Amino acid sequence: MRTRGAALLQPDAAGLARAAEILTQGGLVSFPTETVYGLGADARNDRAVAAIFAAKGRPSFNPLIVHVGDIAAANEICDFNDDARCLAAAFWPGALTLVLPLRPQAGISRLVTAGLDSIAVRVPDHEVAQGLLAAFGGPVAAPSANPSGRISPTTAAHVRDGLGHRIDALVDGGPCAVGLESTIVACLGAPTLLRAGGIPAEAIAACLGRPLATSENPDAPVSPGQLLSHYAPVGRVRLNATARQDGEVMLGFGAMEADLNLSPTGDLTEAAARLFDCLHQLDAMGAARIAVAPIPDHGLGRAINDRLKRAAAPR
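The notes below deal with the structure included here. Sequence order sets the numbering: in each chain, residues are counted from 1 along the sequence as written. With pLDDT at 70 or above as the cut-off, local features in this predicted model cover only qualifying residues; side-chain atom pairs require 80 or more to be listed or tallied, and sums for whole chains, interfaces and linings still use all residues. As a convention, hydrogens and water are excluded, and side-chain values are obtained from all of the structure's heavy atoms.

### Quick word on the environment of Thr-155
Piece 1. By definition, any uninterrupted DSSP run of H or I lasting at least four residues is a helix, any uninterrupted run of E lasting at least two residues is a strand, and each is numbered from the N terminus. Following the sequence through the fold, Thr-155 ends up in the loop between strand E7 (140-141) and helix H7 (156-163).
Piece 2. A sequence separation of 125 residues divides Thr-155 from Ser-30, and the C-alpha atoms of the two residues are 11 Å apart.

### Looking at helix H9 (residues 268-285)
Piece 1. Expected span, for any helix, means 1.5 Å times one less than how many residues it has. The terminal C-alpha atoms of H9, which comprises 18 residues, lie 24 Å apart, in line with the 26 Å expected from a rise of 1.5 Å per residue.
Piece 2. Bending is quantified residue by residue as the angle between axes fitted to the seven-residue window ending at that residue and the seven-residue window starting at it. Within H9, the axis deviates most sharply at Arg-274, by approximately 45°.
Piece 3. Each residue is assigned to one of three classes by its accessible area relative to the maximum for its type, calculated with a 1.4 Å probe on protein chains only: buried under 20%, partly exposed between the two thresholds, exposed over 50%. Burial in H9 covers these residues: Leu-268, Ala-271, Ala-272, Leu-275, Phe-276, Cys-278, Leu-279 and Leu-282.
Piece 4. Tucked inside the fold, the buried residues of H9 contact strand E13 (249-252), strand E14 (260-261), strand E15 (289-292) and helix H10 (300-312).
Piece 5. Any pair of nitrogen or oxygen atoms within 3.5 Å is treated as a polar contact; in protein, a donor-acceptor pairing is required on top of that, and neighbouring residues in sequence qualify only through side-chain atoms on both sides. Backbone nitrogen of Glu-270 and a side-chain oxygen of the N-cap are separated by 3.2 Å at the start of H9; the cap is Asp-267.
Piece 6. Two residues or fewer past H9, Gly-286 is found with a positive phi of approximately 75°. By definition, residues are in contact when any of their heavy atoms lie within 4.5 Å.

### Structural notes on unusual backbone geometry
Piece 1. The linkage connecting Trp-92 with the following residue, Pro-93, adopts the cis geometry, with an omega of -5°.
Piece 2. Structurally, Pro-93 can be placed in the loop between helix H4 (82-91) and strand E5 (96-101).
Piece 3. You will see that Asn-240, though not glycine, has its phi angle at about 55°, which is positive.
Piece 4. By the element assignment, Asn-240 lies in the loop between strand E12 (236-238) and E13.

### Section: the pairing of E13
Piece 1. Where burial is concerned, the two faces of E13 agree: the one with Val-249 and Leu-251 and the one with Met-250 and Gly-252 are both buried.
Piece 2. Strands were regarded as paired on the criterion that DSSP finds at least two bridges between them. Pairing between E13 and E15: three bridges, direction parallel. If you follow Val-249 over to E15, its bridge partner there is Ile-290.

### Description of the sheet that holds E12
Paired through backbone hydrogen bonds, the strands of a sheet run either parallel or antiparallel to each other.
Piece 1. Across the sheet, four strands lie side by side as E12-E15-E13-E14; this open sheet has parallel pairing. Pairing within the sheet leaves two strands with one partner each, and these edge strands are E12 and E14.
Piece 2. Bridging between E12 and E15 involves three bridges; their strand directions are parallel. Residue pairing for E15: Arg-236 is matched across the bridge by Arg-289.

Structural data, given as structure tokens:
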């Protein structure tokens, strides 16, 4: 564990060059994407990837997402079928992660894939992330930059508060625009939704011209974000609450009385962008019991409900 706080780097050429140098040396760098802040390491360096798990306290059987600058870079480490090519053309760069067959000679650390023969990869749609990938010139393994199982970070302050003394550097690129992790789709056969996220599953199905299959096996995850207890605040969470009970703090949605509200107007995009920040605020308030209002289960609401279900899971 690092004994000093992370170096705060600006998202300019000098800051990105320094961040790339730290990655090359096997260090850990947090950087913004359009979804959440990632905790990056050289995806080819076993020791660097192991440091991600150590910093996060992350179970070693939970795979990591590899970030690359473009489809050509992704082609160097994994194999694309027709469905994957269709989705990459439509949604990359963007908040979609594809799980694809790993090329045997790709040079990716086995820790990244948790020993699987597949790999989770995406091309981020964020100027700072793209600048860092270009400066580094290689694949970057980067889960969300938070202690494992805790709330994902959407600002540099969230990263500093959660992991500031466990990483080498933090590139401050401001708040994340999407504020919700990427949607994960496996293209290892029939396209299968593994995690709802920043791109609605309906849009992906429309691109493919057929519905996505679904899979949920938290005991043997093949992609990040499939562990049951995840994204958890300190307090105990009660879902689909229409009113608070004694001792509860209310997290609302839509026009209602609440201590915090994901979106007073009932806008799912706003709610998705605010979700993790509200959970961080609940922790800061010392909320021991949290009541969460019902969220419509369509579009981005499906991803929000997925995160809330994991936040409420026994742990």
